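An overview of the molecular structure
So the chains spell out like this:
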Amino acid sequence: MTDHITAMLNAHPGGTGTEDREKLAACIAACFQCAQTCTACADSCLAEEKIADLARCIRTDLDCADICAATGAILTRQTGDSSAIARSLLEACRTACAACAAECEKHAQMHEHCRICAEACRRCEDACTVLLESLT
């Protein structure tokens, strides 16, 4: 997935600014993968017998999915300077991923989809941290 993202970043006529393209591409990929995984986890939770026990998990999944999708999309846009927005989104994404991972980890032994989701959230959280550190 990062191959296409990197190719598009390299093809941008304006360049990618000062960000490390490899870290940027990895973060964009992690955001979109996490958004998809969180959406799938929420849907899987809805198919479980005890949905009420998973209400908080579903909510954090959906919140995380939306924040990750928005972060990935905005990081993809390279025209103009949006570094302040990017930093804010990376912080929000990192926070949402940490919260979602913590919630999914509570259910991971009982529900495989929660285990998978927690892993995706931790990867995205790490990718956001790495990119944030490269921007400062």
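What you are looking at is a predicted structure, and each value in this text was computed from that prediction instead of being measured.

**Examining the side chain of E103**
- Tracing the sequence through the fold places E103 in helix 4 (residues 83-107).
- Judged by relative accessible area, E103 falls into the buried class, the value being 6%.
- Once residues within four sequence positions are removed from consideration, E103 is found in contact with R56, C57 and T60.

**Concerning helix 3 (residues 55-76)**
- Taking 1.5 Å per residue, 22 residues should reach 32 Å; helix 3 reaches 32 Å between its end C-alpha atoms and fits that length.
- Taken residue by residue, helix 3 has C57, I58, T60, D61, C64, A65, C68, T71, G72 and L75 as its buried positions. On an axial view of helix 3, the arc spanned by its buried residues comes to 165 degrees, and they lie on one face. Residues of helix 3 that are exposed and angled more than 90 degrees away from the buried face: R59 and D66.
- In this structure, the buried residues of helix 3 make contact with helix 2 (21-47), helix 4 and helix 5 (112-135).

Reading the values: rules and limits
Residues numbered from 1 in each chain as written. Predicted model: local features only at pLDDT ≥ 70, side-chain atom pairs only at ≥ 80, totals over all residues. Heavy atoms only, no water. Helix = DSSP H or I, 4+ residues; strand = E, 2+ residues; numbered from the N terminus. Buried < 20%, exposed > 50% of the residue type's maximum accessible area, 1.4 Å probe, protein only. Contact = heavy atoms within 4.5 Å. Expected span 1.5 Å × (residues − 1). Arc of directions from axis to C-beta.

By themselves, these observations are geometric and do not establish any function.
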